[in-house]
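Single-letter residue listing:
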Amino acid sequence: MMQGAKKGELVREVSRRQFLFRAAGGAVVMTSLPAILDACTQAGQSVSPAPSGGSASSTATLRVGWSSEPDTMNPLTSYSTEALEIQQLIYDKLFDYDANLGVVPSLATSSDVSSDGLQVTYHLREGVTWHDGTPFSAEDVVFTYSLISEKGVSAYAQWLTAMKDVTSNGSDVVVTFHKPQAFDPGLAVPIMPKHIWNGMTPGQIQKFANDTPVGTGPYRFGQWQRGQTVSVTRNDTFWGSAPGPASIIWVLFQNEDVMAQSVRAADVDILTEVPPTIWDGLGGASGVKAVSLPGFSFHHIGINVSTNPKSGGNPLLLDKSVRQAMSYGVDRNQLVQIALAGHGREGSVLLPPALGDYMLDVPEAEQLNANPNKAMQLLDAAGYKDTNGDGVRESPDGTPLEFRLIAIESTTVDVRAAQLFRDAMKKIGIKLDLNTMDENTLGSTVYNADAPDWDIFVWGWDSGVNDPDYLLGVPLTNQIGNNNDVYYANPSYDALYDQQAAELDHATRVNLVHETQQMFYEDCAYIIMWYQDKLQAYRSDLWTGFTETPGGIIFNFTRANYTNATPA
């Protein structure tokens, strides 16, 4: 998912710089979280006090601090990690991940795969009801899979393009594919209630805000006070074990220092992400545990390569030599050391290290990185010269290499990286005009598939699953209008993706996954800056039951740490 949003299953990550609380009737600046919680209570938002330690309380509220809010509650159109964080507590999938990222039953208790790998039979759990009391049935699964496959809606379509048929037989659902599937879509696709979503056109789905989402999950949707808080409450009719917190509230911060002060003061219980320099200072805080975990994410520079005649992107960026020069011109180690204070690893390919042997290790001598001389040689050879001495190269027809660069104002690490990138490009004769904006404005600007009017952005992705499929699927041609944020369209890339997605032999699949990464790396539609450590902090004196999971205790593709949490 796009982080904060890290785009994408997408997952994108962001943070805020100013602590602005918008109350009814206007904007009010507050400097303490208790004031926000009091205001929420007055507005009708139910907020329980934090557990004071000692015995477990069935009425305890887990309070989560984050620096960006969801884009929408519609699972078929949302792109942000924040949206997925809430949706995964409301909606169930057929299978899920536990706190150790092992696969566990959810709406399906088990499944059978045919010997040829072309058919999967899911055996569904009985006695499940939707939050509105309507009985859950196999028809809801058939409906969800058919909707996504036939209408091509949502990022989840990447796992159902090869679906041939889906049928129900009592409490079983049988999915037939044209080719074997290396990744089980049951681990990714949220099951939607047919009685609510039935009859919508793709256009209506795109516009559907889903402000009161109804699922079968452990929590019911509570309230979204935009610019303030989002809450969910325990689903007392949940088919599984009752989750620990009676409710969860996510509190939006627009100032990272205030967010850190709030976990120190026990005004919030856990933070989704902590900026590196602030995380360093939380290590000795009383009652606070600061953790650094391997991430399933990366931050990147995205380049508009749309060939749509309506695209407002600068056509000079369609020249791969310009994009490769940009990649050579930036020093990833500098980005990690300065923007991340060393809390990360230099970036290169689409898959982060947490995905193990699936990640392609590009030899240092072959990396398009930290070589401004090579960058200038590429530009010279392609005919880009500074003919008027202003420091900016021009194309052979006289058009300057000047591009718009946008970043999320509240993601301080990305803003700093954008500044460093801008300065590096100046040294090789490329001018970047940097502009910052809030995350949802940047998202709506980037994801304007009809006429994307931007040149370059800085953002990030979280993987939505513990498999290469998700992140490799972001640049697919069929994801234009969904996850594909740079409008990359390469039939050769699509073909390699399809091959790896259908390959059941692990070693063979690893080789195909490596080829796919290599192709995208050389095309430079993304310049991947870093793989950031997931830095988090929580009140270990107030809550127990958290597992330090790769990818993050929370803000991850498992909901287990939310449901397992218990008051200390």
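Within each chain, residues carry numbers counting from 1 in the order of the written sequence. Only residues with pLDDT of 70 or above have their local features reported here, since the model is predicted, and side-chain atom pairs are shown and tallied only from 80 upward, although totals for entire chains, interfaces and linings are computed over all residues. Think of the side-chain values as coming from all heavy atoms in the structure, minus any hydrogens and water.

**Q** Even after reading the chapter, I still don't get the sheet that holds strand 18 (residues 344–346), so can you show me in this structure?
**A** Think of a sheet as strands paired side by side through backbone hydrogen bonds, with each pair either parallel or antiparallel. Pairing between strands is defined by DSSP: at least two bridges between the two strands are required. Helix numbers and strand numbers start at the N terminus; a helix is a DSSP run of H or I with at least 4 residues, a strand a run of E with at least 2. Taken together, six strands build an open sheet; the order of strands is 18-22-17-21-19-20 and the sheet is mixed. Each edge of the open sheet is held by one strand with a lone partner, namely strand 18 and strand 20 (431–437). Across the sheet, the mean angle separating the axes of adjacent strands is 30° when strand polarity is ignored. Summarising the sheet, strand 18 and strand 22 (residues 526–532) pair through three bridges and their orientation is antiparallel. Looking at strand 22, one finds that E346 is bridged to W530. Running at roughly 30° to strand 22, helix 8 (residues 320–329) makes contact with strand 17 (297–303), strand 19 (402–408), strand 21 (456–462) and strand 22 of the sheet. The angle between two axes is taken between their N-to-C directions and runs from 0 to 180 degrees, where each axis is a line fitted to C-alpha atoms and a helix contributes only its stretch in contact. Contact between two residues is taken to exist if any of their heavy atoms lie within 4.5 Å; hydrogens are not considered.

**Q** Explain the pattern of salt bridges to me, please; I cannot follow it from the model alone.
**A** When the charged atoms of two side chains with opposite charge come close together, those side chains can pair. By definition here, a salt bridge exists when the distance from a side-chain nitrogen of Lys or Arg to a carboxyl oxygen of Asp or Glu is within 4 Å. The tally for this structure, following the rule as stated, stands at 15 salt bridges. For K320, the salt bridge goes to D523, with nearest N and O atoms at 3.4 Å. Remark: D523 occurs in helix 15 (residues 506–523) and K320 occurs in helix 8; sequence separation between them is 203 residues. Classification of D523 by relative accessible area gives buried; the value is 11%. Linking R539 and D541 is a salt bridge whose minimum nitrogen-to-oxygen distance equals 2.8 Å. Only protein chains enter the accessibility calculation, which uses a 1.4 Å probe; a residue whose area is less than 20% of its type maximum is buried, one above 50% is exposed, and one in between is partly exposed. In this structure R539 comes out as buried when scored by relative accessible area, which is 5%. Overlapping salt bridges bring together D92, K93, D96 and R559 as one network.

**Q** Any chance you could explain the environment of L252 here in plain terms?
**A** When you line up the elements, L252 lands in strand 14 (residues 247–252). When its relative accessible area of 4% is taken as the criterion, L252 is described as buried. For the pair formed by L252 and Q228, sequence separation is 24 residues and the distance between their alpha carbons is 5.3 Å.

**Q** Whenever I open this one, the packing of helix 14 (residues 491–501) against helix 15 confuses me. Can you help?
**A** Relative orientation and spacing of two packed helices are given, respectively, by the angle between their axes and the distance between those axes. Where helix 14 meets helix 15, the axes come as close as 9 Å, and the angle between the chain directions of the two elements is 160°. If you check the angle between helix 14 and helix 15, you find them roughly antiparallel. The two elements helix 14 and helix 15 meet at a crossing, and its hand is left-handed. Facing S492, Y493, L496, Y497, Q499 and Q500 of helix 14, the residues of helix 15 in contact are R509, L512, V513, E515, T516, M519 and F520. Any residue outside Ala, Val, Leu, Ile, Met, Phe, Trp, Tyr, Cys, Pro, Asp, Glu, Lys and Arg is labelled polar, Gly included; the first ten of those are nonpolar and the last four are charged. Looking at the contact of helix 14 with helix 15 residue by residue, the class counts come to seven nonpolar, four polar and two charged. By the definition adopted for this analysis, an angle is roughly parallel if under 35 degrees, roughly antiparallel if over 145, roughly perpendicular if from 65 to 115, and oblique otherwise. Here a crossing is called left-handed whenever its near helix is offset anticlockwise from the far helix by less than a right angle, and right-handed whenever the offset is clockwise.

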